[in-house]
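Secondary and tertiary structure notes
Here are the chains, one letter per residue:
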Amino acid sequence: MIEDPLYNHPGWQWCTAEGAELHTLLLGLNSTFREKLIWLDEAENLTIAFQRCREQRANAISDTYLPTDS
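Residues numbered from 1 in each chain as written. Predicted model: local features only at pLDDT ≥ 70, side-chain atom pairs only at ≥ 80, totals over all residues. Heavy atoms only, no water.

A short note on the overall build of the chain
For clarity, the threshold we go by: To qualify as a helix, a DSSP run of H or I must reach at least 4 residues; to qualify as a strand, a run of E must reach at least 2; elements of each kind are numbered from the N terminus. For every residue, the accessible area (1.4 Å probe, protein chains only) is compared with the maximum for its type, and the residue is labelled buried under 20%, exposed over 50%, or partly exposed between those bounds. With residues, only the protein chains shown are counted as cover, and all accessible areas are computed by Shrake-Rupley using a 1.4 Å probe.
Within the chain, the regular secondary structure consists of 4 helices and 0 strands. Listed by position from the N terminus, the elements making up the chain come as α-α-α-α. Here the chain holds 70 residues, and 1% of them are scored as buried. Taken as a whole, the chain presents about 6800 Å² of accessible surface, with 63% of it coming from carbon and sulfur.

Quick look at the structure:
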């Protein structure tokens, strides 16, 4: 027989949209201001890296489709 605590595990509750939102809020309440600043800095660095990658890919694609002089 399956034990009741298995169904009461927070992991099952966090798999829903509402549960994931509550879990995110709980993490925010338990983290310090410094941890939040570090997270924001890492998120900014990731966003900059994604932007750089998109620009490089767009340049590479446009370079391959340009007509050549030969």
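With respect to a nonpolar patch on the surface
Just so we agree on the cut-off: Residues with no salt bridge and a relative accessible area higher than 30% make up the patches, which join like charges within 9 Å and nonpolar side chains (Val, Leu, Ile, Met, Phe, Trp, Tyr) within 5 Å. One speaks of a salt bridge when a side-chain nitrogen belonging to Lys or Arg is within 4 Å of a carboxyl oxygen belonging to Asp or Glu.
Where nonpolar side chains cluster on the molecular surface, the patch consists of Phe33, Leu37, Trp39 and Leu40 and spans about 500 Å² of accessible area. Looking at the element boundaries, Trp39 is found in helix α4 (residues 33–64).

Here's the deal with helix α3 (residues 17–30)
Since one α-helical turn is 3.6 residues long, residues separated by three or four positions face the same way. Going by this rule: Multiplying 1.5 Å by the residue count of a helix minus one yields the expected span of that helix.
For α3, built from 14 residues, the straight-helix expectation of 20 Å at 1.5 Å per residue is met to within 8% by its first-to-last C-alpha distance of 20 Å. Of all 14 residues that make up α3, 1 are buried, and the element is exposed over most of its length.

A look at the environment of Ser31
Condition: Whenever two N or O atoms come within 3.5 Å, that pair is a polar contact, provided that in protein one can donate a hydrogen and the other can accept it, and provided that, for residues adjacent in sequence, both atoms are side-chain atoms.
Checked against the element boundaries, Ser31 lands in the loop between α3 and α4. Among the residues examined, Ser31 registers a relative accessible area of 22% and is labelled partly exposed. A distance of 3.3 Å separates the side chain of Ser31 from the backbone oxygen of Gly28, its partner in a polar contact.

A few points about the confidence of the model for the chain
Spelled out, the test is: What pLDDT reports is the predictor's confidence in each residue, on a scale of 0 through 100.
Considering every residue of the chain, the mean pLDDT works out to 84; 79% of them sit at 70 or more. Per-element confidence in the chain ranges from a low mean pLDDT of 66 for helix α1 (residues 4–7) to a high of 93 for α4.

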